[in-house]
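Residue-level listing of the chains:
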Amino acid sequence: MVYLKQIAILGSTGSIGTQALDVCRHLGYSVVAITANRDVDGIAAQAREFLPRYAVMYDKIAAARLREELAGTGITVLEGEEGLCQAASMPEAELVLNSLSGMVGLRPTLAALEAGKTVALANKETLVAGGRLITDTARRCGGRLIPVDSEHTAIFQCIQGEEQNKIKTILLTASGGPFFGKTRAETEHAEVAKALAHPKWNMGQKITVDSATLMNKGLEFIECIWNFGVRPEQIEVIVHPETIIHSAVEFEDGSVMAQLSDPDMKLSIQYALTYPHRCPSTVKHLSLTDVGKMTFYPPDLQEFPCLAMAIEAITQGGLHPCILNGANEEAVHAYLRGEISFGAIARTVRYALDHVDPGSDAYTLPEILAADQAARACARQYISTKE
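Bear in mind the structure is a predicted one, so any value in this text is a computation, not a measurement.

J.: Residues and numbers for the overall build of the chain, please.
T.: Helix and strand counts for the chain come out as 17 helices and eleven strands. Since a compact globule built from 387 residues should have a radius of gyration of about 21 Å, the 20 Å found for the chain is in line with a globular shape. Judged by the C-alpha coordinates and their principal axes, the chain covers about 55 × 50 × 40 Å. With 387 residues in all, the chain has 56% of them scored as buried. Of the contacts formed within the chain by residues at least 6 apart in sequence, a portion of 68% connects residues at least 24 apart. Carbon and sulfur atoms provide 51% of the accessible area of the chain, an area that totals close to 16300 Å². Side chains of the chain give 34 positive and 46 negative charges; the mean places of these two sets differ by 1 Å.

In C-alpha cells:
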C-alpha cells in the first residue's frame, strides 16, 4: 500500500493544478496548501473541498476577497510572493507541486528546495532561467526535483535503475503543434484561435502558443540539460504527431528505452506525486493496434526559429536562456492581446538575445531577476517601435 502523502499545489486553479487535484482525489492524498493568482471563486471552492492549511493569492486585492469567502473555515489566507514561498516551504508539505506560470515560480521553487523538499516541477521557467542555481540549491540543501512534463517524466522513467549506465542520446519528442508542416509565411499572421487549437493537449494559453512556435520544445530542451546532466549535442528533437511515445533514451550500447501512453497529463502528474511507486490511474488504456502506426520527423528549424534560438541560448550558456524566456513571455502575452503578429514572437526574442547582456555563467538570484527584467524591457521596447 502506498503511503498517503501531504501535497502543496502551487497554481491549483490552472490546467496542471486542477488535474493534480483530480489525482489527489483519486489517490486520497491530503492537500495542505493551494495557491492562485486572482481566481477567488476557483480557489475558494477548492479550499472548501480539500480544507488545506493555507490558501494563497498572489494578488493582494484577491487575497482580501478570499479571506471574506473563507471566514470561519480555519484556513489561513496568505498573499503575494511571500505567501507562495511560505506554502512551498511549510513543514507539513511532503511534496510541492509547482505548476505556476512564468517567472513567479522561481522563488517558491528555491524556498522549497532550501527547506529540503521534493519538488514536482511543472514550471518550466524555473529551470530555464535559473537552472544552475536551482540544481546547486537542491544538491546543497538535500532537496529533489521530479519532472512533471510528459516528455521529462518519460525520460525520468526510462533512466530509473540505469544509474550505472551512460546516456548517449535523449530523444525529445514534440507533437509539432497546430502549425506542423506550415511555413513562416503561412503562419506570420495566424489568428490566436488557430494558435490555441492544439491537436493533442488541452493546456493554458501561454504554453499552447509556445507549442505553436516550438518554443515550448526549446524550453524543454534547456530543461533536459539541468534535469539529466547532459550536453546539448546529446539531445535530439523528434516531431511525433501521434504523441504516443513521450520521449526516449538511447544508452551507450545502442539500446533505446521509451515511455508510451495515451496522451493524458494526469499520468505524468500522478507518477510525480507517487514516485517511486506506481498506482492504478484513471488514464485510458493504450492500444497499439488502435494507434496503428506512429510517424517521426525532424523539426524544421528554419520555419520554427524559436526552437533554434533556445538551443543556441543554452549552448552559449550564462543567462542567455533567462533572456530568451523573459522576452518570449512578453512577446507571447503581446500576441495574445492582439498587439503583435504570430511571426513577431520570434523576432522579438531574437532582438532581446542580440541586445541584452547575458552576464556570467556563475549567476546569482539577483542577476537572474535583473536579466529577466532587462529582457522584458527590451522586448517591450522592440514591440512598441518595430511592430
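J.: Can you explain the sheet that holds strand S7 (residues 144-147)? Please cite residues and give values.
T.: One open sheet holds the seven strands; their spatial order is S4-S3-S2-S1-S5-S6-S7, and the pairing between them is parallel. Strand pairing shows two members of the sheet lacking a second neighbour, strand S4 (76-79) and S7, which therefore form its edges. Shown here is a sheet whose adjacent strand axes are inclined to one another by a mean of 20 degrees, direction ignored. Pairing of strand S2 (residues 30-36) with strand S3 (residues 54-57), which is carried by four bridges, proceeds in the parallel orientation. Each bridged residue has a counterpart across the sheet, and for Ala33 the counterpart in S3 is Tyr54.

J.: Just give me the short version of the pairing of strand S8 (residues 167-174), but keep the residues and values in it.
T.: If a strand is regular, its side chains alternate between the two faces of the sheet. Counting buried residues along S8, seven of its eight residues qualify, which places the element largely inside the surrounding structure. Note: S8 against strand S10 (residues 245-251), four bridges, orientation antiparallel. Within S10, the residue paired with Thr169 across the bridge is Glu250. Note that S8 and strand S9 (residues 235-239) share five bridges and pair parallel. Along S9, the bridge assignment pairs Thr173 with Ile238.

J.: Account for the sheet that holds S9, with residues named and values stated.
T.: Pairing within the open sheet is mixed, and its four strands lie in the order S9-S8-S10-S11. Pairing within the sheet leaves two strands with one partner each, and these edge strands are S9 and strand S11 (256-260). Between one strand axis and the next, the sheet turns through 20 degrees on average, direction left out of account. Of the pairings in the sheet, the one linking S10 to S11 comprises five bridges and is antiparallel in character. Within S11, the residue paired with Glu250 across the bridge is Val256.

J.: Describe in detail the environment of Ala154, supporting the description with residues and values.
T.: Secondary-structure assignment places Ala154 in helix H7 (residues 150-158). The exposure class of Ala154 is buried, given its relative accessible area of 0%. Placed 18 residues apart in sequence, Ala154 and Leu172 show a C-alpha to C-alpha distance of 9.4 Å. Setting aside anything within four residues of it in sequence, one finds Ala154 in contact with His246, Ser247 and Gln259.

J.: Mind laying out the packing of helix H11 (residues 215-228) against helix H14 (residues 305-316), listing which residues take part and the relevant values?
T.: As a packed pair, H11 and H14 sit with axes 7 Å apart at the nearest point and diverge in direction by 25 degrees. With respect to H14, the element H11 is oriented roughly parallel. As for the relative orientation of H11 and H14, their crossing is right-handed in sense. Each of Met215, Lys217, Gly218, Leu219, Phe221, Ile222, Ile225 and Trp226 in H11 lies in contact with H14, whose residues at this interface are Cys306, Leu307, Ala310, Ile311 and Ile314. Its residues placed into classes, the contact of H11 with H14 shows eleven nonpolar, one polar and one charged.

J.: Describe unusual backbone geometry, and please don't skip the residues or the numbers.
T.: Cis rather than trans, the peptide bond between Tyr275 and Pro276 has omega equal to 10 degrees. Relative to the helices and strands, Pro276 resides in the loop between helix H12 (265-274) and helix H13 (288-291). A positive phi angle is found at Leu51, which is not glycine, with a value near 50 degrees. Relative to the assigned elements, Leu51 resides in the loop between helix H2 (40-50) and S3.

J.: Would you mind going over the nonpolar core in detail, with residue names and values included?
T.: In this structure, Leu66 and Leu324 are the most contacted members of the largest nonpolar core, which totals 93 residues. Ignoring sequence-local partners within four residues, the contact set of Leu324 consists of Met215, Leu219, Ile222, Met309, Ala310, Ala313, Val349 and Leu353.

J.: Give a detailed account of the environment of Ala8, specifying residues and quantitative values.
T.: Of note, Ala8 is situated in strand S1 (residues 6-10). Measuring from C-alpha to C-alpha, the distance between Ala8 and Ala87 comes to 6.9 Å, with 79 residues separating the pair along the chain. Residues within four places of Ala8 in sequence aside, it is in contact with Val32, Ala33, Ala87, Ala93, Leu95, Val96 and Leu97.

J.: Can you break down empty space enclosed by the protein residue by residue, with the values?
T.: If you walk through the whole model with that rule in mind, you get three cavities of 30 Å³ or more. Considering only enclosed or pocket space, the largest cavity measures out at about 60 Å³ in volume. Along its surface, the largest cavity is lined by eleven residues, and Ser150, His246, Gln259, Ser261 and Ser268 are the ones closest to its centre. Going through the elements one at a time, H7 and H12 are the ones with two or more residues in the lining of the largest cavity. Residues of the lining of the largest cavity, tallied by class, amount to two nonpolar, seven polar and two charged.

J.: Let's hear about the layout of surface pockets: which residues, and what values?
T.: Empty space within the second largest pocket amounts to approximately 480 Å³. Of all the secondary structure elements, the ones that give two or more residues to the lining of the second largest pocket are helix H6 (124-141), S7 and H11. Taken together, the residues of the lining of the second largest pocket break down into ten nonpolar, six polar and four charged.

Conventions we followed
- Residues numbered from 1 in each chain as written.
- Predicted model: local features only at pLDDT ≥ 70, side-chain atom pairs only at ≥ 80, totals over all residues.
- Heavy atoms only, no water.
- Helix = DSSP H or I, 4+ residues; strand = E, 2+ residues; numbered from the N terminus.
- Rg over C-alpha atoms; globule rule 2.2 N^0.38 Å.
- Buried < 20%, exposed > 50% of the residue type's maximum accessible area, 1.4 Å probe, protein only.
- Contact = heavy atoms within 4.5 Å.
- Areas by Shrake-Rupley, 256 points an atom, 1.4 Å probe, with all protein chains shown as cover.
- Lys, Arg positive; Asp, Glu negative; His and termini not counted.
- Charge placed at Lys NZ, Arg CZ, Asp CG, Glu CD.
- Pairing = 2+ DSSP bridges.
- Axes fitted to C-alpha atoms, helices over the stretch in contact; angles between N-to-C directions.
- Parallel < 35°, antiparallel > 145°, perpendicular 65-115°, else oblique.
- Left-handed = near helix turned anticlockwise from the far one by under 90°.
- Nonpolar A, V, L, I, M, F, W, Y, C, P; charged D, E, K, R; others polar.
- Core = buried A, V, L, I, M, F, W, Y, C linked by side-chain atoms within 4.5 Å.
- 1 Å grid on protein atoms, 1.4 Å probe; cavity = no way out; pocket = protein on both sides within 12 Å on 5 of 7 lines; lining within 4 Å.
- Points joined across faces, edges and corners; volume = space filled by probe spheres on them.

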